[in-house]
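The lines below spell out each chain.
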Amino acid sequence: MVKVAPSILSADFARLGDEVRKVEEAGADWVHVDVMDGLFVPNITIGPDVIKALRPHANIPFDVHLMIERPERYIDRFADSGADFITVHVESTHDIPRALKEIRHQGKRPGISLNPETPFAMVEPFLPDVDLLLIMTVQPGFGGQSFKPEVLPKIVRASDIRKETGARFEIEIDGGVNRDTGKKCAEAGATVLAAGSAIFKARDIRAEIALWHGY
Ligand code: DX5
Ligand code: ZN
């Protein structure tokens, strides 16, 4: 069963506690939290203090997606906020090994992410050290963009590596995921679907998540 991780980027920011509770009650597996610094991406969202305030409002894992420059500077802050998975972008620092090691050291689950135009080979060396590979299917920064189908071969490649090596890292897809593109991702080997608009704007969130669980 594919897991569903609603991205609170599309939630009502004035009522975030209620919003995470709502998706948990509707059957979400994880909460996807998009952290942006205005440097790595041209948008600014929330930081560790907001995540910490949200943590008591849900029991499911917090999947924290760091779209920030040199994330190794802030790993302890995000670990302390109650994040479960902490994902860094391969393009965001020259010291990925240090960032991943620090996440482990803090007792959290490390993830690595790559932008749509970044070659898969950039993340391959780090796959033995991560619990999550987050494959971007839009340019990060904003919700509501269109899925880039040309990224699908990366999902197949990741899935093949998982099978060949017996590795257990999750393959999560992020950007433009809806009921149609999400099905294609699941068929290509995705294990987690992150989605903002398609979940938060669904007429019946519970039914939408249940449908995706069937992929
Ligand atoms: C984009 C974020 C995504 C975003 C996805 O930079 O990483 O998690 O919330 O939004 P949708 O699902 O609307 O494309
Ligand atoms: Zn994200």
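All values derive from a computational prediction rather than experimental measurement.

Caption draft 1: Fine view of the pattern of salt bridges. Tallied over the entire structure, the rule returns 15 salt bridges. Asp131 is paired through a salt bridge with Arg104; the nearest N and O atoms lie 3.0 Å apart. With Asp131 in the loop between β5 (109-114) and β6 (132-136) and Arg104 in helix α4 (residues 96-105), this residue pair connects regions lying 27 residues apart in the sequence. Close ionic contact of Arg179 with Glu208 constitutes a salt bridge, the shortest N to O distance being 2.7 Å. Of the two residues, Arg179 is situated in helix α6 (residues 179-188) and Glu208 in helix α8 (residues 205-213); the sequence distance between them amounts to 29 residues. The class of Arg179 is partly exposed, set by a relative accessible area of 42%. Put simply, Asp12, Arg15, Asp18, Glu19, Arg21 and Lys22 are held in one network by salt bridges that share partners.

Caption draft 2: Layout of the sheet that holds β6. Ordered by their spatial adjacency, eight strands build an open sheet running β1-β8-β7-β6-β5-β4-β3-β2, and the pairing between neighbours is parallel. Because the sheet does not close on itself, it has two edges, and the strands there are β1 (3-6) and β2 (31-36). Shown here is a sheet whose adjacent strand axes are inclined to one another by a mean of 25°, direction ignored. In the sheet, β1 pairs with strand β8 (residues 192-195) via four bridges, with the strands oriented parallel. For Lys3, the partnering residue across the bridge sits in β8 and is Val192.

Caption draft 3: The arrangement of the coordination of the zinc ion (ligand 2) in detail. The zinc ion (ligand 2) binds to the protein through His32 (NE2), Asp34 (OD), His65 (ND1) and Asp174 (OD); the donor distances cover 2.0 to 2.3 Å. Every donor counted, the six donor atoms about the zinc ion (ligand 2) form angles of 70 to 168° at the centre, which fits octahedral coordination. Between consecutive donor residues of the zinc ion (ligand 2), the sequence gaps follow H-x1-D-x30-H-x108-D. Highlighted residues: His32 in strand β2 and His65 in strand β3 (residues 62-67), separated in sequence by 33 residues. Taken as a pair, His32 and His65 share a single burial class, namely buried.

About the thresholds
Residues numbered from 1 in each chain as written. Chains lettered and ligands numbered in written order. Predicted model: local features only at pLDDT ≥ 70, side-chain atom pairs only at ≥ 80, totals over all residues. Heavy atoms only, no water. Salt bridge = Lys/Arg side-chain N within 4 Å of Asp/Glu carboxyl O. Helix = DSSP H or I, 4+ residues; strand = E, 2+ residues; numbered from the N terminus. Buried < 20%, exposed > 50% of the residue type's maximum accessible area, 1.4 Å probe, protein only. Pairing = 2+ DSSP bridges. Axes fitted to C-alpha atoms, helices over the stretch in contact; angles between N-to-C directions. Donors = N, O, S within 2.8 Å, 3.2 Å for Na, K, Ca; no water. Tetrahedral: all angles 85-135°; square planar, octahedral: opposite > 155°, others 65-115°.

These results come straight from atomic positions and should not be treated as a statement about function.
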